[in-house]
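Examining the three-dimensional arrangement
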Protein chains: 2
Amino acid sequence: MNIILLSGGSGKRLWPLSNEVRSKQFLKIFKTDDGSHESMVQRIFRMLRKLDENVSIMVATSESQIASIRAQLGESVGISVEPSRRDTFPAIALASAYLHDVKQVSGDEPVIICPVDPYVDEDYFRMFSKLYAQVEKAEANLVLMGIEPTYASEKYGYIIPASQNPVSYVNSFKEKPDPLTAEKYIQLGALWNAGVFAYKLKYVLEIAENILGTSSYQKLFDSYNHLPKISFDYAVVEKERKIQVLRFSGEWKDLGTWNTLTEAMSDEVSGNALTVDCKDTHVINELQIPLLALGVKNLAIAATPDGLLVTDKASSDKIKNYVSDNRPMYEKRVWGEYTILDYRLQNDGHNSLTKHLIIKPGQHISYQRHKHRSEIWTFTDGSGKLILDGVVSEVKRGDTVHIQSGMKHAIKADTELHIIEVQIGDELTEDDIERLDWNWQEF
Amino acid sequence: MNIILLSGGSGKRLWPLSNEVRSKQFLKIFKTDDGSHESMVQRIFRMLRKLDENVSIMVATSESQIASIRAQLGESVGISVEPSRRDTFPAIALASAYLHDVKQVSGDEPVIICPVDPYVDEDYFRMFSKLYAQVEKAEANLVLMGIEPTYASEKYGYIIPASQNPVSYVNSFKEKPDPLTAEKYIQLGALWNAGVFAYKLKYVLEIAENILGTSSYQKLFDSYNHLPKISFDYAVVEKERKIQVLRFSGEWKDLGTWNTLTEAMSDEVSGNALTVDCKDTHVINELQIPLLALGVKNLAIAATPDGLLVTDKASSDKIKNYVSDNRPMYEKRVWGEYTILDYRLQNDGHNSLTKHLIIKPGQHISYQRHKHRSEIWTFTDGSGKLILDGVVSEVKRGDTVHIQSGMKHAIKADTELHIIEVQIGDELTEDDIERLDWNWQEF
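My aim in this report is to walk through the structure given alongside it, one point at a time. Counting starts from 1 at the beginning of each chain's written sequence and moves along it residue by residue. Key to labels: chains lettered from A, ligands numbered from 1, both in the order written. Local features are withheld for residues below a pLDDT of 70 in this predicted model, meaning they are given only at 70 or higher, and side-chain atom pairs are given and counted only at 80 or more; totals for whole chains, interfaces and linings count all residues. Values reported for side chains reflect all heavy atoms of the structure, with hydrogen atoms and water molecules removed beforehand.

Describing the interface of chain B and chain A
The condition that has to hold: Throughout, a contact is declared for two residues whenever any of their heavy atoms are within 4.5 Å. Summed over both partners, the accessible area lost on bringing two parts together, with a 1.4 Å probe, is the buried area. Salt bridge, as used here: a side-chain nitrogen of Lys or Arg that lies within 4 Å of a carboxyl oxygen of Asp or Glu. Distance and chemistry together define a polar contact, namely a pair of N or O atoms within 3.5 Å, with one atom able to donate a hydrogen and the other to accept it when in protein, and with adjacent residues in sequence counting only for side-chain atoms on both sides. Runs of H or I in DSSP of at least four residues are treated as helices and runs of E of at least two as strands, each being numbered from the N terminus. Each residue is assigned to one of three groups, with Ala, Val, Leu, Ile, Met, Phe, Trp, Tyr, Cys and Pro labelled nonpolar, Asp, Glu, Lys and Arg labelled charged, and all others, Gly among them, labelled polar. One requirement defines pairing of two strands: DSSP has to find at least two bridges between them.
Contacts between chain B and chain A engage 59 residues on the former and 59 residues on the latter. Between chain B and chain A, the buried area comes to about 4700 Å², and carbon and sulfur atoms account for 63% of it. Area buried by chain B at its contact with chain A is led by Leu292, Leu294 and Leu308 of chain B, which between them contribute 14% of it. Counting across the chain B and chain A interface gives 4 salt bridges. Here Lys318 of chain A makes a salt bridge to Asp277 of chain B, at a shortest N to O gap of 3.2 Å. Remark: the boundary between chain B and chain A carries 24 residue pairs in polar contact (both at pLDDT 80 or more). A per-element tally of the side of chain B that touches chain A places strand S19 (residues 307-312) of chain B first, with 6 residues. A per-class count over the side of chain B that touches chain A returns 29 nonpolar, 20 polar and 10 charged. Bridge count between strand S17 (residues 291-294) of chain A and S19 of chain B: 4 bridges; the pairing is parallel.

Right, dumping it as structure tokens:
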């Protein structure tokens, strides 16, 4: 079975836990049977593999999520990297072309597109083999999964089926309605559109040929930044007449706000936090300092290097309106992670910023130099190799190095390496970086 | 007029804003007429000086508060430093002896003892001249101020007066009662004991002579660590028969819990924080990262380097039961201040800790060395003089210095000096410090 998981960004709705580079699907908030915790994406992977151990899963995502995906799903998972964000049709076309050109999947094989972030159980994935079989029957070009609504929600798109049968042709699609209209749709037997689509691989490749001018993976990849921003709904679903829908009445939750996310969380408290006399309150503390919640009700409380949130759960869908685009204070990268501890921005343009970097054993940061800042590194744990203007030296806990602006530098960790980095300069941005070549293979 | 202000610690009830070294009386939460903010201790000082510009005010406190007192009240304020905490009688005896021996105040002059932390207005201090006059009349050895109760509180001690006159002899004192008993007391015309006492200076000196064996300031100071821990109530008030009380019916608030403190705060929000659709909610954010409170009611929210608190105001008196004695993550010192940014404690005894130090112009830290840790300093702003094993050098923004364990070191700021300090060692405590001599006068 071929599955393409769409792993998008979750934006600001789960601030301060989500930002440009950290998305809800990577938060380890679900308890597994052995007591450990897993994320949405890990949970979906585990379930899919349990139902079909030969399932071929590919994740369609942006470069910023690669580190998190590799860290959570391992090195072997297939990733179709979108060079930039171009909406869902180019993303699905690129991933489909990858399956065809690189993975050599036949154009007649069915493919299922599935978002990575709903909270569902195994029943949901059991539907996938029915979707697969339905595509193979070729009664329709596109087969969707429709969720039986549990209330008249304004948050979802609706599918109006031709009949109430388990499999039905689709009469029409409706955008997010107001509650009264939603109620009418439900009386007509409408279903929520969960964003799960199944088709024969060649179907989308043909549409890509028509709309994007090519179905070649390499050509799509190379021209990706110039492809039109166009949704799969607009490019495919709305124009297709032969669509069927499979009804699903099992558990399906969209974890898009703190309110719905906390409903699905296994633990009320995560991190260095204590709740006393609290009711229906969830706390996530990713900071080192302790958090105490006392006598509060119906709150979601979150503390991360990006910020502090205290919200009534019912109000939590308003967060996105009040959060600005600050630089992320915490990032996971392929080589490890960093947290910004302190910064000091001055009117005279002399700025400083302190980071805690953790570099994983065997990993390295790229050989680079900066124009606008010098960096002072203090190694607080571990050991590794430092390259400074081409000269290699061994470094370990207690060593310091002063990297003047313009000096070429890189660091490779032998054991997990902790660095306190102090940046000083007139411009302290991630953009002030010139990446240089270094022969890491032979290093 | 001679006034002794008792400036004690506020313990954990206002965690995370108060700790061993930071007390509520130094929080700048009251707006003045010119729009700036002042603390309780600044407010009391300003009012006392306004009513009597020749008032002689002395603060009785411990060494840990000297920096805050000097920073807020200036260098000229008199401070009677308690070498250790020995309860209120030794503290008042020491301050009284200081007035007599050092300030040459006559034994016949009245003195008023006043706690530093109630929230009061000028009417309260206008009572002080009446107290003063009453002491001079010598009808009693001790004259108290009694607050007319506004409700049957369990939190205060009660004074049962002989009459309802503005000045009355005292029949008895009652410990903190339950609400029903408090109600009975109030029906008897009882008053709250506000901890304001007035007496002729020699009165307390004579009792010190009896109980502590001396009334000499120098002898009390030298033997202070061995004096009995005994309260002024127990040593003086409960044994005295000739006591009068002055009734006071104006504004008086004890700002001992978040609930009462926030009632008196001028602003609902302080620091990098935003409240949206909130009601009766106060936020203090002393961290750099933003705080968002959304749709919550009746909460006190505080974020400091010591911790994060979200509490229903009515529950806030329970905080002290749930807060442990962690080392303060932020301290003001005579020379400046520091904040702990990050720490990493490991099982193998290799620890690291990162601090941001700010040293005020002209100030210095003591010449010292450590046995168990090395320190790496990165100067991120300002300039100063570094002493390292006796050698003096100039340092400025961008410089670094590696202080190995055992190396003698000190730093003096010429302009405000910012240092990121990384400590590495097997024991990272404030106790691992050996202070050494340096001739700062000629430096």
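Read on for the rest.
Some details on the relation of the copies chain B and chain A
Selection criterion: A least-squares superposition brings the copies together, and it is based on the C-alpha atoms of residues with pLDDT no lower than 70 in both.
For the match of chain B to chain A, the screw axis carries a shift of 0.1 Å, the RMSD comes to 0.1 Å, and the turn is 180°. The transformation relating the two chain copies, once decomposed into turn and shift, fits a two-fold axis. Within chain B, Leu341 of chain B has its C-alpha nearest the rotation axis, a separation of 3.0 Å. Most of the interface of chain B is mirrored in chain A: 100% of its interface residues are interface residues there too.

What about helix H4 (residues 122-137) of chain B?
Residues and elements named next belong to chain B. Convention followed: One less than the residue count of a helix, multiplied by 1.5 Å, gives the span that helix is expected to have. Here the term buried applies to any residue with accessible area under 20% of the maximum for its type, exposed to any over 50%, and partly exposed to those in between, with areas from a 1.4 Å probe on protein chains only.
Given a rise of 1.5 Å per residue, 16 residues ought to cover 22 Å, and the 24 Å separating the end C-alpha atoms of H4 matches this to within 8%. Regarding H4, the residues found buried are Glu122, Tyr124, Phe125, Met127, Phe128, Leu131, Tyr132, Gln134 and Val135. Of the residues trailing H4, Ala138 is marked for its positive phi of about 60°.

As for the environment of Ala93 of chain B
Residues and elements named next belong to chain B. Relative to the assigned elements, Ala93 resides in helix H3 (residues 88-101). Sequence spacing of Ala93 and Val310 is 217 residues, and the spatial spacing of their C-alpha atoms is 41 Å. The residues touching Ala93, leaving out its near neighbours within four places in the chain, are Val204, Ala208, Leu212 and Leu220.

Describing the packing of aromatic side chains
All names here are of chain A. We count it as follows: Aromatic pairing here means that ring centres of Phe, Tyr or Trp (its six-membered ring) are within 6.5 Å. Orientation follows from the plane angle: under 30 degrees is stacked, over 60 is edge-to-face, and everything else is tilted. Geometrically, a charge over a ring is one whose NZ (Lys) or CZ (Arg) sits within 6 Å of the ring centre while staying within 35 degrees of the ring normal.
If you walk through the whole model with that rule in mind, you get 38 aromatic pairs over all chains. When the centroid spacing of 6.3 Å and the interplanar angle of 50° are considered together, the rings of Tyr199 and Tyr203 count as tilted. We note that Tyr199, like Tyr203, is buried. Aromatic ring contacts, followed pair by pair, group Phe89, Phe197, Tyr199, Tyr203 and Phe232 into a single cluster. A cation sits over an aromatic face here: Lys355 above Tyr338, 3.8 Å from the ring centre.

Some words on empty space enclosed by the protein
If a probe the size of a water molecule is rolled over the atoms, the empty space left behind becomes visible. For clarity, the threshold we go by: Both site types are read off a 1 Å grid over the protein atoms alone. A 1.4 Å probe that fits but cannot get out defines a cavity, while an open set with protein on both sides within 12 Å along at least five of seven lines defines a pocket; lining residues have an atom within 4 Å of a point. Grid points are joined across faces, edges and corners, and a volume is the space filled by probe spheres set on the points.
In this structure the tally under the stated criterion is 3 cavities of 30 Å³ or more. Within this model, the largest cavity holds a volume of roughly 70 Å³. What lines the largest cavity is a set of 14 residues, among which Leu308 and Val310 of chain A together with Ile301, Leu308 and Val310 of chain B lie closest to the centre. Every element with two or more residues in the lining of the largest cavity is listed here: strand S18 (299-304) and strand S19 (307-312) of chain A together with strand S18 (299-304) and S19 of chain B. Taken together, the residues of the lining of the largest cavity break down into 14 nonpolar, no polar and no charged.

Considerations on the side chain of Asn285 of chain A
Residue placement: Asn285 of chain A occurs in strand S16 (residues 282-285). Among the polar contacts listed, one links the side chain of Asn285 of chain A to the backbone oxygen of Asn272 of chain A, at a separation of 2.9 Å. Within the structure, the side chain of Asn285 of chain A is placed 2.9 Å from the backbone oxygen of Ile289 of chain A, a separation counted as a polar contact. Those residues in contact with Asn285 of chain A that sit more than four places away from it in its chain are Ser270, Gly271, Asn272, Ala273, Pro290, Leu291 and Ala303 of chain A together with Leu308 of chain B.

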